[in-house]
Amino acid sequence: MNKFQFMGRLTRDPEARFTPNTNTPVTTFSIAVNRRFADQNGERKADFFNLTAYGKLAEFCAKYYRKGQQVLVEGRIQNRTWEDQNGQKRYATDYIIENAYFADSRREPGAGDGMGADMPSSSIDGEFITIDDTDDLPF
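As a convention, each chain's residues are numbered from 1 in the sequence order in which they are written. For this predicted model, a pLDDT threshold of at least 70 governs which residues receive local features, and a threshold of 80 or more governs which side-chain atom pairs are given and counted, while totals over whole chains, interfaces and linings are taken from all residues. To get the side-chain values, all heavy atoms of the structure are used, and hydrogens and water are removed first.

Once that is clear, we can look at the overall build of the protein. Scanning the protein for helices and strands turns up one helix and eight strands. Starting at the N terminus, helices and strands are each numbered in turn, a helix being any DSSP run of H or I of at least four residues and a strand any DSSP run of E of at least two. Counted from the first residue to the last, the protein has its helices and strands arranged as β-β-β-β-α-β-β-β-β. Sequence-distant contacts, at least 24 apart, represent 54% of the contacts inside the protein between residues at least 6 apart. Note that accessible areas follow from Shrake-Rupley with a 1.4 Å probe, and for residues the cover is restricted to the protein chains shown. As presented, the protein carries roughly 10300 Å² of accessible surface, and 46% of it is formed by carbon and sulfur atoms. We call two residues in contact when some of their heavy atoms are within 4.5 Å.

Let us now look at the side chain of Glu 74. With respect to the element layout, Glu 74 can be found in strand β5 (residues 70-83). Burial classes follow relative accessibility: with a 1.4 Å probe on protein chains only, a residue under 20% of its type's maximum area counts as buried, one over 50% as exposed, and anything between as partly exposed. In summary, the charge assignment counts Lys and Arg as positive and Asp and Glu as negative, without counting His or the chain termini. The salt bridge definition used is simple: a Lys or Arg side-chain nitrogen within 4 Å of an Asp or Glu carboxyl oxygen. For the buried Glu 74, no salt bridge is present, and the opposite-charge side chain at shortest range is Lys 3, 4.4 Å distant. Identification of polar contacts relies on pairs of N or O atoms within 3.5 Å, with a donor-acceptor requirement for protein atoms, meaning one able to donate a hydrogen and the other able to accept it, and with residues adjacent in sequence counted only if both atoms are side-chain atoms. A polar contact of 2.8 Å, which involves the side chain of Glu 74, links it to the side chain of Gln 5. Look past the residues within four positions of Glu 74 in its chain and what remains in contact with it is Lys 3, Phe 4, Gln 5, Ile 96, Ile 97, Glu 98, Asn 99 and Tyr 101.

Turning next to the environment of Gly 68. Within the fold, Gly 68 resides in the loop between α1 (55-64) and β5. Classification of Gly 68 by relative accessible area gives partly exposed; the value is 34%. Sequence separation between Gly 68 and Ile 31 is 37 residues, and the spatial gap between their C-alpha atoms is 8.9 Å. Apart from residues lying up to four places away in sequence, Gly 68 is in contact with Arg 9 and Leu 10.

Attention now goes to the pattern of salt bridges. What the rule picks out here adds up to seven salt bridges. One salt bridge connects Arg 76 with Glu 98, and the closest N-O pair in it is separated by 3.2 Å. Of this pair, Arg 76 sits in strand β5 while Glu 98 sits in strand β6 (residues 89-102), placing them 22 residues apart in sequence. Judged by its relative accessible area of 30%, Arg 76 is partly exposed.

What follows is about the nonpolar core. Grouping buried Ala, Val, Leu, Ile, Met, Phe, Trp, Tyr and Cys residues that are joined through side-chain atoms within 4.5 Å yields what is termed a nonpolar core. Phe 6, Phe 29, Ile 31, Leu 51 and Val 73 are the most contacted members of the largest nonpolar core, which totals 20 residues. Those elements that provide at least two residues to this core are β1 (4-10), β3 (25-38), β4 (44-54), α1, β5 and β6. With five residues, the single largest contributor to this core is α1. With near-sequence residues (within four places) excluded, Phe 6 lies in contact with Ile 31, Val 33, Phe 49, Leu 51, Val 71, Leu 72, Val 73 and Tyr 95.

Here Ile 31 shows up in strand β3. Taking the C-alpha atoms as reference, Ile 31 lies 5.7 Å from Phe 48; in sequence the two are 17 residues apart.

Keep in mind that these numbers describe shape and distance, not what the molecule does.
As structure tokens, then:
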């Protein structure tokens, strides 16, 4: 099984582009994921991961994700190799996102960060719906 799951904060705004041959949407961004334990000085360290999304998910991430936002992403790890200009063999590990979610608490519209009313709160089959969270849960 090849699967990863990260929850962290975006370190920069996503960058969107299209693949040259197939014109497929591609979005890249990085997140900082806190480690579970503190070091000897009591400081918590973080690991930084560069992530890539394709297609509709790439469009979603480019539209709704912003620097500082906490997200949960799932996907697969992919290795690739190539030769550089000097004939040296190079290796890279890519984290390809297959699912992406919001992990921040819901913010109020007009909070000044651009993530208010236009941010979807749920999705079903690629179409966004609004969930009224002012009522009590039925269970």
